[in-house]
Amino acid sequence: MDRLAQLQQFIGKEFDQSPSPFMKWLNPIVISAEEGHLEFQYIVRPEWLNPIGNLHGGVTAAIIDDIIGATMFSLNEKSFITTINNVIDYFSTAKENDIIVAETKIIKRGKQFVNAHCEIWNADKTRLIARGTSNLFKINS
């Protein structure tokens, strides 16, 4: 079974079979999975908060990096694709127990490099929390 099909088996469920221990810790629910496009839902936990009770920027960045990484798996490439850089803009906050949704999109898929985009929204997608863009490099295995 290819990697995309594995992701699609978890639509509506927690993605507890990720090969990434970090993703298992984030504990996302798969909302949708298509080639080059994922949508995951998360519940903001107390350990994800900064000292004033908002979703920590580092956790936001980690979610963006992690779901973009999973998006690379959805491409079913033979190469491993690793992050070169992340650029993240923060627009709003989330609080403990808020439901947030991260959605990815491939902007450009080249022979060696991939450019991907992720937005994190509140549950009903009326408020953008953060937007990230990543450049990734294909490592031949």
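See the structure above.
Notes on the structure follow. The written sequence of each chain sets the order in which its residues are numbered from 1. Given that this is a predicted model, residues contribute local features only at a pLDDT of at least 70 and side-chain atom pairs are listed and counted only at 80 or more, while totals for whole chains, interfaces and linings are drawn from all residues. Only hydrogens and water are set aside; all other atoms, that is, all heavy atoms of the structure, feed into the side-chain values.

**Looking at the pairing of strand S5 (residues 113-122)**
Remember that side chains alternate between the two faces of the sheet whenever the strand is regular.
So, point 1. A large share of S5 lies buried, amounting to nine of its ten residues.
So, point 2. Relative to S5, strand S4 (residues 99-109) is paired through nine bridges, and the arrangement is antiparallel. Directly across from Lys108, in S5, lies its bridge partner Asn115.
So, point 3. Any two strands between which DSSP finds at least two bridges are classified as paired. Elements are defined by DSSP. Helices are runs of H or I of four residues or more, strands are runs of E of two residues or more, and each kind is numbered from the N terminus. Adjacent in sequence and paired antiparallel, S4 and S5 are bridged by three residues.
So, point 4. Where S5 lies against strand S6 (residues 128-139), nine bridges are found, and the strand directions are antiparallel. Considered in S6, the bridge of Ile120 is made with Ala130.
So, point 5. Counting the residues in the hairpin turn of S5 and S6 gives five residues, including Lys125, whose phi is positive at 55°. Throughout this description, buried means an accessible area under 20% of the type-specific maximum (1.4 Å probe, protein chains only), exposed means over 50%, and partly exposed covers the range between.

**Quick word on unusual backbone geometry**
So, point 1. Here Asn76, not a glycine, exhibits a phi torsion of approximately 55°, which is positive.
So, point 2. Looking at where Asn76 falls in the secondary structure, it is placed in the loop between helix H3 (57-73) and strand S3 (80-90).
So, point 3. Residue classification places Asn76 among the partly exposed residues on the basis of a relative accessible area of 32%.
So, point 4. The backbone of Lys125 shows a phi angle near 55°, a positive value even though the residue is not glycine.
So, point 5. Along the chain, Lys125 falls in the loop between S5 and S6.

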